[in-house]
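# Reading the structure
One letter stands for each residue in the lines below.
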Amino acid sequence: TARRLRTDGNGKFLPALLLLFGAALSAACGQKEDAAAGAAVTLQIAEDSLTKTGARITLYNGSDSEIQFGCSYFLQTLQEEAWSDIDGEQDWTLELIVLEPGQSYEETLDWSSYYGELPAGAYRIVKAYHIGDISETEESYVKCEFHIDG
């Protein structure tokens, strides 16, 4: 089970509740192989959860070490065979989620306030994470592609 920590404004982390709820289009999800960890960290969209305004995702830690990440993510769109960031107003809380090896973390994303309702097209969710201590390792990214039908 993931540990989710939230700052109390003084830089101290406090446990927070995980809110999971159901959220429907097509997704083909990717993974990020991290050679240093010797295993994969994957990101998937839950079947039948994808809408034009959100999705339920699962981040799986297949590495031999704990991974650390926040609640932030961003969306990209495929334009002329290249991925481009989608501009959006984003404010994130300062949370640190720690996921042990072999564990999964599930979260429901609602991007309507950041990106609005997505038009038809190819997209991907990009989420940053660190293998091991966040203050001692480089940031890696895991991605999951999906398609919104018109």
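Note that the structure is predicted; figures quoted are calculated from it, not measured. Note that residues are indexed from 1 along each chain, following the sequence as it is written. Per-residue local features are limited, in this predicted model, to residues with pLDDT of at least 70; the limit for side-chain atom pairs, both in listing and counting, is 80 or more; totals at the level of whole chains, interfaces and linings are taken over all residues. The basis for every side-chain value is the complete set of non-hydrogen atoms in the structure, without hydrogens or water.

## Quick look at the overall build of the protein chain
Operational definition: We count a stretch as a helix when DSSP gives it H or I for four or more residues in a row; a strand needs E for two or more, and each element gets its number in order from the N terminus. Buried residues are those whose accessible area, probed at 1.4 Å on protein chains only, stays under 20% of the maximum for their type, while exposed residues exceed 50% and partly exposed ones sit between those limits. Note on areas: Shrake-Rupley, 1.4 Å probe, and residue coverage restricted to the protein chains presented here.
For the protein chain, the count of helices and strands is one helix and 13 strands. Ordered by position in the sequence, the α and β elements of the protein chain form the string β-β-β-β-β-β-β-β-β-β-β-α-β-β. Taking all 150 residues of the protein chain together, 38% fall into the buried category. Looking at the protein chain as shown, the accessible area adds up to about 8,300 Å², and 46% of this sits on carbon and sulfur atoms.

## A short note on the side chain of N61
Put simply, the rule is: Two N or O atoms count as a polar contact when they lie within 3.5 Å, although within protein this holds only if one can serve as hydrogen donor and the other as acceptor, and sequence-adjacent residues are included solely when both atoms are side-chain atoms. Two residues form a contact once any of their heavy atoms are found within 4.5 Å.
Topologically, N61 is positioned in strand β6 (residues 54-61). A polar side-chain atom of N61 sits 2.9 Å from the main-chain carbonyl oxygen of S65. If we ignore the near neighbours within four places in the chain, the residues touching N61 are A40, V41, E66, I67, L99, E100, P101, G102 and Q103.

## So, the pattern of salt bridges
Note the following rule: Take a side-chain nitrogen of Lys or Arg and a carboxyl oxygen of Asp or Glu: if they are within 4 Å of each other, that pair is a salt bridge.
A complete count under the given rule lists one salt bridge for this structure. Among the salt bridges present, the one from R56 reaches E106, with a minimum N-O distance of 3.3 Å. In this pair, R56 sits in strand β6 while E106 sits in strand β11 (residues 104-110), placing the two residues 50 residues apart along the sequence. Given the relative accessible area of 32%, E106 is considered partly exposed.

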